[in-house]
Amino acid sequence: MSGIHILFLIGGYFLLLLIISYFTGKNDSNEDFFKAGKRSPWYLVAFGMVGASLSGVTFISVPGWVDASQFSYMQVVFGYLLGYFITAYILLPIYYRQNVTSIYEYLDDRFGFVSYKVGAISFFVSRVLGASFRLFLVAIVLQQFVFDVWNVPFEVTVTLSVLLIWIYTFRGGIKTIVWTDTLQTLFMLLSIGLSIYFILDQLNWSFGDFLSSTELQKYSKTFFIDDFFAKNHLLKSFFGGMFITVCMTGLDQDMMQKNLTCRNLGEAQKNMVSFSVVMVMVTFIFMLLGALLFIYADTHQIALPIMDGKPKSDLLFPEIALNSGLGITVAITFMLGLIAAAYSSADSALTSLTTSFCIDFLGTEKKTKAEAKRIRRFTHIGMSLLLILVVIAFKYILDRNVIDGLLTVASYTYGPLLGLFAFGIFTNYKIKDNYVWLVALISVGTIVGLAKIPTEILNGYIFGYELLPLNGLLTFLGLFLIRKKKRNPVTV
């Protein structure tokens, strides 16, 4: 599939998104941009959240990770499932009861101004880095397989990608995204299904042959319980996954903003539960695809693509889909799936960053409608420019598999949010609000220091995703130390 064909495909895809944006963004109000008028059907939100949660990172990086980690990522995913239920039945009732636009308004009501800002800043940093990770991944694929041929700089590729997202989200915001996410999820799942079908056909296997093959057994070990010191031990992965979901979904404005567009709490909970079950099944299919890609690559002597002088497992799926002779159908559906997966998370991230900055930092809810709309539009442009700069920076500093990098960053940045919300929900203490920023900095600094300790000093112990709950625990203990003696009733 040539670069010009890919460009035409991208153009047609974004034309479709613009048509959706035209109809959903007619009102162009902050109420629709931030909350979609609280009229979104729960099943539509649930289906669209699959694509937004999986993103370009899962679409490419998870299959590319199978060779190094086998199916160990499923241990994390099973933890995700428990985390989604915690989000549905502990966090969502709080957000709906308080009728928040930004979920961090809860911290203002519970503790005070400084806690509110610390929570909002933690989300802001986390989401900028997370969205940039996802955009970076799709940008390097477009660069490697399209724009390098024409000597287009990586910086231009990134700028064009973000510009396209800005164009179709600047009026409708979350109302547009609820509908575009549904379309993007459909394209992504279609791409995965057709890719598996055509690769199996090339190998002369049925799906049953693949599942029973000795080749799959090389990659399919799922549970790792032998070495507790290892990063991928079952308990560390499971509970790390649970806390990652609580933070990256339940305490994340991006994901919660979609849930808060549902008509009521009951529908939002149905959305969360149904979405979580589908997520586990779809992620397992991604793991199967990853094993199939490496089996196919071994059979046809396809080497890992090289980028900046290093083999890049994240690029194996696009290499096979576009350059291994599987046919135009696989190439087209892969590109549609990649674009859909990448932009379904990036567009909602851009919208949630705009929402959080407007509500949490600029106080637009206290301004006139005209002034609030003007601020929102300028903020949307500013967030777009910020994402461009961070994605470009990643090209020069990122040296690991993207999904691993994303979850590691989450261990640092979401910890203060986890500690703040846990202390607010499960204790009845007030705190000395002015010291919260210091507690958060000490907690994050301690976790970064722990992660840097050489494994020899720890007798071979390797910190993994348990750094996130540990970060939250340190924040919780710090808040306990700055508590006030006077108690208030617990509000859950």
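Everything below is about the structure shown above.
The paragraphs below set out a description of the structure included in this document. (Residues numbered from 1 in each chain as written. Predicted model: local features only at pLDDT ≥ 70, side-chain atom pairs only at ≥ 80, totals over all residues. Heavy atoms only, no water.)

## What about the overall build of the protein?
Link 1 in the chain: Regarding its fold elements, the protein presents 20 helices and four strands.
Link 2 in the chain: For the C-alpha atoms alone, the extent of the protein along its principal axes is close to 70 × 60 × 40 Å.
Link 3 in the chain: Burial statistics for the protein: of 492 residues in total, 59% are counted as buried.
Link 4 in the chain: Put simply, 86% of the contacts in the protein that link residues at least 6 apart link residues at least 24 apart.
Link 5 in the chain: When the accessible surface of the protein is summed, it comes to about 19200 Å², and 66% of that surface belongs to carbon and sulfur atoms.
Link 6 in the chain: The distance from the centre of the 37 positive side-chain charges to the centre of the 31 negative ones in the protein is 13 Å. (Helix = DSSP H or I, 4+ residues; strand = E, 2+ residues; numbered from the N terminus. Buried < 20%, exposed > 50% of the residue type's maximum accessible area, 1.4 Å probe, protein only. Contact = heavy atoms within 4.5 Å. Areas by Shrake-Rupley, 256 points an atom, 1.4 Å probe, with all protein chains shown as cover. Lys, Arg positive; Asp, Glu negative; His and termini not counted. Charge placed at Lys NZ, Arg CZ, Asp CG, Glu CD.)

## Observations regarding the packing of aromatic side chains
Link 1 in the chain: The tally for this structure, following the rule as stated, stands at 29 aromatic pairs.
Link 2 in the chain: With centroids separated by 6.1 Å and ring planes inclined at 90°, the aromatic side chains of Phe71 and Phe284 adopt a geometry described as edge-to-face. One end of the pair, Phe71, is in the loop between helix 3 (42-69) and helix 4 (73-98); the other, Phe284, is in helix 13 (residues 265-299), with 213 residues separating them in the sequence.
Link 3 in the chain: For Phe71, a relative accessible area of 2% corresponds to the buried category.
Link 4 in the chain: Where Phe357 meets Phe361, the ring centres are 5.3 Å apart and the plane angle is 40°; that geometry is what we call tilted. Of this pair, Phe357 and Phe361 both sit in helix 15 (residues 328-361), four residues apart, which is roughly one turn of that helix.
Link 5 in the chain: Classification of Phe361 as partly exposed rests on a relative accessible area of 29%.
Link 6 in the chain: Among the aromatic residues, those joined into a ring-pair cluster are Tyr95, Tyr104, Tyr106, Phe123 and Phe421. (Phe/Tyr/Trp six-rings, centres within 6.5 Å; stacked < 30°, edge-to-face > 60°.)

## Let's talk about the environment of Asp252
Link 1 in the chain: Note on placement: Asp252 falls in the loop between helix 11 (234-250) and helix 12 (253-259).
Link 2 in the chain: The class of Asp252 is buried, set by a relative accessible area of 0%.
Link 3 in the chain: Separated by 100 residues in sequence, Asp252 and Ser352 have C-alpha atoms that sit 9.0 Å apart.
Link 4 in the chain: Excluding anything up to four places from it in sequence, Asp252 contacts Ile103, Tyr104, Phe123, Arg127, Cys247 and Tyr414.
Link 5 in the chain: A polar atom in the side chain of Asp252 sits 2.7 Å from the side chain of Arg127. (Polar contact = N/O pair within 3.5 Å; in protein donor to acceptor, adjacent residues only side chain to side chain.)

## Some remarks on a nonpolar patch on the surface
Link 1 in the chain: Among the surface-exposed residues, Leu15, Leu16, Leu18, Ile19, Tyr22, Phe23, Val156, Leu160, Leu163 and Ile167 lie close enough to one another that they form a single nonpolar patch of about 880 Å² accessible area.
Link 2 in the chain: Elements represented by at least two residues in the nonpolar patch include exactly helix 1 (3-24) and helix 7 (154-169).
Link 3 in the chain: Looking at the nonpolar patch, the element that brings in the most residues is helix 1, giving six residues.
Link 4 in the chain: Topologically, Leu160 is positioned in helix 7.
Link 5 in the chain: Given a relative accessible area of 41%, Leu160 falls into the partly exposed group. (Patch = residues over 30% accessible without salt bridge, like charges linked within 9 Å, V, L, I, M, F, W, Y side chains within 5 Å. Salt bridge = Lys/Arg side-chain N within 4 Å of Asp/Glu carboxyl O.)

## Some details on unusual backbone geometry
Most peptide bonds adopt trans geometry, and most residues besides glycine take a negative phi value.
Link 1 in the chain: Positive phi values are uncommon outside glycine, yet Asn151 reaches one of about 60°.
Link 2 in the chain: Residue position: Asn151 is located in the loop between helix 6 (113-145) and helix 7.
Link 3 in the chain: On the basis of relative accessible area, Asn151 is assigned to the exposed category, the value being 69%.
Link 4 in the chain: In this structure, Gln301 is a non-glycine residue whose phi angle is positive, near 50°.
Link 5 in the chain: Mapped onto the fold, Gln301 is located in the loop between helix 13 and strand 1 (306-307).

## A word on the packing of helix 7 against helix 16 (residues 369-397)
Link 1 in the chain: At a minimum axis separation of 10 Å, helix 7 and helix 16 run at an interaxial angle of 150°. In this view, helix 7 runs roughly antiparallel relative to helix 16, as classed from their interaxial angle. Note on packing geometry: the crossing formed by helix 7 with helix 16 is right-handed. On the side of helix 7, the interface is formed by Phe154, Glu155, Val158, Thr159, Val162, Trp166 and Thr169, while helix 16 contributes His380, Ile381, Ser384, Ile388, Val391, Ile392, Lys395 and Tyr396.
Link 2 in the chain: A class-by-class count of the residues in the contact of helix 7 with helix 16 yields nine nonpolar, four polar and two charged. (Axes fitted to C-alpha atoms, helices over the stretch in contact; angles between N-to-C directions. Parallel < 35°, antiparallel > 145°, perpendicular 65-115°, else oblique. Left-handed = near helix turned anticlockwise from the far one by under 90°. Nonpolar A, V, L, I, M, F, W, Y, C, P; charged D, E, K, R; others polar.)

## Considerations on the environment of Phe423
Link 1 in the chain: Relative to the elements of secondary structure, Phe423 occurs in helix 18 (residues 415-426).
Link 2 in the chain: Taking C-alpha positions, Phe423 is 19 Å from Phe85, a pair spaced 338 residues apart along the chain.
Link 3 in the chain: Beyond its immediate sequence surroundings of up to four residues, Phe423 is in contact with Arg110, Phe111, Tyr429, Ile431, Phe476, Leu479 and Phe480.

## Structural notes on the side chain of His233
Link 1 in the chain: In this fold, His233 is placed in the loop between helix 10 (214-217) and helix 11.
Link 2 in the chain: Judged by relative accessible area, which is 7%, His233 ranks as buried.
Link 3 in the chain: Within the local environment of His233, its side chain forms a polar contact with the backbone oxygen of Ile225, the two atoms lying 3.5 Å apart.
Link 4 in the chain: There is a polar contact of 3.2 Å between the side chain of His233 and the backbone nitrogen of Leu235.
Link 5 in the chain: Discounting chain neighbours no more than four positions away, the residues touching His233 are Gln75, Phe224, Ile225, Asp227 and Phe228.

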